[in-house]
Amino acid sequence: MAHANEHPGEQAAQDPVKLIGVRETALSVDEVFRAVGDEAAGGIALFVGTVRNHDGGADVDGLGYSCHPSAEAEMRRIAEKVVADFPVRALAAVHRVGDLRIGDLAVVVAVACPHRAEAFDACRRLIDDIKHEVPIWKHQKFSDGTEEWVGAC
């Protein structure tokens, strides 16, 4: 009888990166969730980043995201690093660019792994590395008329 960790479902899938995208259109949690569906996954961790109405003690009216042309390729590179470090069955990540309103979805990422702890850890690494390394910039517009650019990297 094979040990649990020898079962193929305990290992990373052959092509686990299912969806990577930078989009000007509204994001869908359902699309990302469906993209990571895998019968061998015992846990799917999903993170949704939304536009909030404040930052640094100031009221935010809205914001815009812009990106370097390499942003999607950088997201794929980060996804491949996560896949190399965790037993990922499926992974998806999409980021919005353009003008967004309060409450809009800015980023949706999901990772499916054999177990929940791995899924949580891989998802956290994915979103943290996207935020720190992908050349996407946020232009916040505050209620008092001031503006601020925030770099992702």
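Just so you know, these numbers come straight off a predicted model, no measurement behind them.

Enquirer: Is there a simple way to think about helix α2 (residues 71-85) in this case?
Expert: Along an α-helix, residues three or four positions apart point the same way, because every turn accommodates 3.6 residues. Here α2 contains 15 residues, and its C-alpha end-to-end distance of 21 Å stays within 8% of the 21 Å for a straight helix at 1.5 Å per residue. Of all the positions in α2, only A71, M75, I78, A79, V82 and V83 are classed as buried. For α2, the angular spread of the buried residues around the axis is 145°, confining them to a single face. Among the exposed residues of α2, those pointing more than 90 degrees away from its buried face are A73 and A84. Looking at the buried residues of α2, the elements they touch are β1 (17-23), β4 (58-67), β5 (90-96), α3 (116-133) and β8 (136-142).

Enquirer: It is not clear to me how the state of the cysteines should be interpreted in this structure. Could you clarify?
Expert: Any covalent bond linking the sulfur atoms of two cysteines counts as a disulfide. One pass over the structure, following the stated rule, counts zero disulfides. Just so you know, C113 is unpaired, no disulfide at all, and the nearest cysteine sulfur is the one on C123, 9.3 Å from it. On the accessibility criterion, C113 (0% relative accessible area) is buried.

Enquirer: Sorry, what's going on with the pairing of β5 here?
Expert: In the case of a regular strand, side chains alternate between the two sheet surfaces. With seven of seven residues buried, β5 is to be regarded as a mostly interior element. Of the two faces of β5, both are covered, the one formed by A90, A92, V94 and R96 as well as the one formed by L91, A93 and H95. By the bridge criterion, six bridges tie β1 to β5 in an arrangement that is parallel. Pairing of I20 across the sheet is with A93, part of β5. Where β5 and strand β7 (residues 105-113) come together, six bridges link them in antiparallel fashion. If you follow A90 over to β7, its bridge partner there is A112.

Enquirer: Quick question: what am I supposed to make of the nonpolar core here?
Expert: Among soluble globular proteins, nonpolar side chains are generally buried collectively. Counting 32 residues, the largest nonpolar core has V88, L91, V109, V111, L126 and I130 as the members making the most contacts within it. Among all residues touching V88, those that are not within four sequence positions of it are A12, A13, P16, V82, V83, V111, A112, C113 and A122.

About the criteria used
- Residues numbered from 1 in each chain as written.
- Predicted model: local features only at pLDDT ≥ 70, side-chain atom pairs only at ≥ 80, totals over all residues.
- Heavy atoms only, no water.
- Helix = DSSP H or I, 4+ residues; strand = E, 2+ residues; numbered from the N terminus.
- Expected span 1.5 Å × (residues − 1).
- Buried < 20%, exposed > 50% of the residue type's maximum accessible area, 1.4 Å probe, protein only.
- Arc of directions from axis to C-beta.
- Contact = heavy atoms within 4.5 Å.
- Disulfide = S-S within 2.5 Å.
- Pairing = 2+ DSSP bridges.
- Core = buried A, V, L, I, M, F, W, Y, C linked by side-chain atoms within 4.5 Å.

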